[in-house]
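Observations on the three-dimensional arrangement
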Amino acid sequence: MTVILETPRLILRRQRLSDLDDLWALYCDPEIVKYIPDAPRSREEAQEELEWHMHGHPKHPELGLWATIHKETGKFVGRCGLLPWELDGQNEVEVAYTLARAYQGLGLGSEAALAILNYGFETLKLPRLICLIDPQNIPSQRVAQKLGMRFEKEMQDEYGKFWIYAINKEAVTG
Ligand SMILES: CC(C)(COP(=O)(O)OP(=O)(O)OC[C@H]1O[C@@H](n2cnc3c(N)ncnc32)[C@H](O)[C@@H]1OP(=O)(O)O)[C@@H](O)C(=O)NCCC(=O)NCCS
């Protein structure tokens, strides 16, 4: 088991093929995918995504979406991690988080996101981290704010408008 990082209540590890049922169940929940327009639409697409992230992101193996395991129950409760983007010609890394509905509202999203932010800044030495968030996704905006991120700008892609929240490493480490 390749553990990427650990928090008081969660383990984030590389995904494996046996996670597929849990991952697909997550994407089958309309409340979960409401604000993830590019989420897999079929089990096959979910498997493709999973295989894409099994060894880290193919082009940036230090990044990726990691299986998020609830220590107390041993259950796969989400997929969280770091994703590379090119926005307006600039390379960016997104803190990404998604938790199964049964595990929301317990502070686990913030706990995972904060650990990922620290991992990105301290271990990977990334200069800046962002979140890409649907303007209507209040819980996700709250998580970004709790990371110390600030709203930066609105952008648009083929799925519609989205907001960029961002934080620079200096803001955390001084
Ligand atoms: C975003 C997400 C990971 C947050 O996870 P979570 O574990 O529920 O978050 P937390 O319990 O840490 O709560 C974070 C903040 O959001 C607030 N919040 C949670 N659900 C809320 C809701 N339905 N409405 C308003 N605020 C909400 C919490 O009150 C908390 O803020 P506070 O500490 O100031 O009270 C989770 O909602 C999720 O997986 N959503 C579906 C997928 C998704 O949208 N991912 C993000 C794509 S950008």
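Residues numbered from 1 in each chain as written. Predicted model: local features only at pLDDT ≥ 70, side-chain atom pairs only at ≥ 80, totals over all residues. Heavy atoms only, no water.

Looking now at the overall build of the protein chain. Broken down by element type, the protein chain carries six helices and eight strands. Beginning at the N terminus, the succession of helices and strands in the protein chain can be written as β-β-α-α-α-β-β-β-α-β-α-β-β-α. By the compact-globule yardstick of 16 Å for 174 residues, the protein chain fits well, its C-alpha radius of gyration being 15 Å. Overall size of the protein chain, expressed as C-alpha extent along the three principal axes, is 40 × 35 × 35 Å. Expressed as a percentage of its 174 residues, the buried residues of the protein chain come to 49%. Nonlocal contacts in the protein chain, meaning residues at least 24 apart in sequence, comprise 57% of its contacts between residues at least 6 apart. (Helix = DSSP H or I, 4+ residues; strand = E, 2+ residues; numbered from the N terminus. Rg over C-alpha atoms; globule rule 2.2 N^0.38 Å. Buried < 20%, exposed > 50% of the residue type's maximum accessible area, 1.4 Å probe, protein only. Contact = heavy atoms within 4.5 Å.)

This paragraph deals with helix α3 (residues 43–53). Within α3 the residues assigned to the buried category are Ala46, Glu49, Leu50 and His53. Across the axial projection of α3, the buried residues extend over an arc of 100°, all falling on one side. Residues of α3 that are exposed and point over 90 degrees away from its buried face: Glu44 and Glu48. (Arc of directions from axis to C-beta.)

Turning next to helix α5 (residues 138–146). Taken together, the buried positions of α5 are Ser140, Gln141, Val143 and Ala144. For α5, the buried positions fall inside an angular range of 155° around the axis, keeping them on one side. More than 90 degrees from the buried face of α5, the exposed residues found are Pro139 and Lys146. The inward-facing, buried residues of α5 abut β5 (90–99), α4 (108–123), β6 (128–133) and β8 (160–168). Near the N-terminus of α5, the side chain that reaches the backbone nitrogen of Ser140, with its oxygen 3.3 Å away, is that of Asn137. Where α5 terminates, the next one or two residues include Gly148, which has phi positive at roughly 90°. (Polar contact = N/O pair within 3.5 Å; in protein donor to acceptor, adjacent residues only side chain to side chain.)

On their own, these measurements won't tell you what the molecule is for.
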